Amino acid sequence: MKLTITYKEITTTLKDNAKVSLLLSKYDERSLKVVYAAGIPFVPDIDIVLTVVGVYPNKLELAYSCGPLVGKAVEKLLPKVTERLPKGVLNINGKNIMLNLAELEQLEKVLKFLSLYNIVVNDNAIEVLLEVK
């Protein structure tokens, strides 16, 4: 089973729910470039590359890369993101992030019947490949 999530859908959802405007683009078939434009004169855009390191039946392992100054900001922000999620969803080890998808209430029931198989980054969307258990 293939689930396609367009960049436009992701950015619209983030803008509506979190009031954050991001630009998403393909970096390579395993990586996504995420750009945050502050919209303030003389403040540069902040960009991060998120790479899919591992795909497991109910977990997703990501790594991020960015410049050193952005890296310091990300290190400070990630604990705040972790606090907003249910316990055990996000585990951070340096620049590696493990997402325990089965710990999210919205995905818990789905992952009883489906297993994550692969994730592919395309030009306009992310494809999530799932298998029936």
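See above for the structure.
What counts, and where the lines are drawn
Residues numbered from 1 in each chain as written. Predicted model: local features only at pLDDT ≥ 70, side-chain atom pairs only at ≥ 80, totals over all residues. Heavy atoms only, no water. Helix = DSSP H or I, 4+ residues; strand = E, 2+ residues; numbered from the N terminus. Rg over C-alpha atoms; globule rule 2.2 N^0.38 Å. Buried < 20%, exposed > 50% of the residue type's maximum accessible area, 1.4 Å probe, protein only. Contact = heavy atoms within 4.5 Å. Areas by Shrake-Rupley, 256 points an atom, 1.4 Å probe, with all protein chains shown as cover. Pairing = 2+ DSSP bridges.

A. Molecular detail of the overall build of the protein chain. Scanning the protein chain from N- to C-terminus turns up three helices and nine strands. Secondary structure elements of the protein chain occur, N-terminal to C-terminal, as β-α-β-β-β-β-α-β-β-α-β-β. Computed over C-alpha atoms, the radius of gyration of the protein chain comes to 15 Å, within 12% of the 14 Å expected from 2.2 N^0.38 for 133 residues, which places it in the range of a compact globule. Overall, the protein chain is about 50 × 30 × 25 Å in size when its C-alpha atoms are taken along their principal axes. When burial is assessed residue by residue, the protein chain has 32% of its 133 residues classed as buried. Partitioning the contacts of the protein chain with sequence separation of at least 6, the portion at a separation of at least 24 is 38%. Here the protein chain has roughly 9,100 Å² of accessible surface; of this, 59% comes from carbon and sulfur atoms.

B. Spotlight on the side chain of Ser-115. With respect to the secondary-structure elements, Ser-115 resides in strand β8 (residues 114-121). Among all residues touching Ser-115, those that are not within four sequence positions of it are Pro-57, Leu-129, Leu-130, Glu-131 and Lys-133.

C. Broad picture of the pairing of strand β5 (residues 59-65). Counting buried positions along β5 gives five out of seven residues, so the element sits mostly inside the fold. Sheet topology places strand β4 (residues 46-56) next to β5; seven bridges connect them, and they run antiparallel. Residue pairing for β5: Val-52 is matched across the bridge by Leu-62. Counted between consecutive antiparallel strands, the loop separating β4 from β5 contains two residues.

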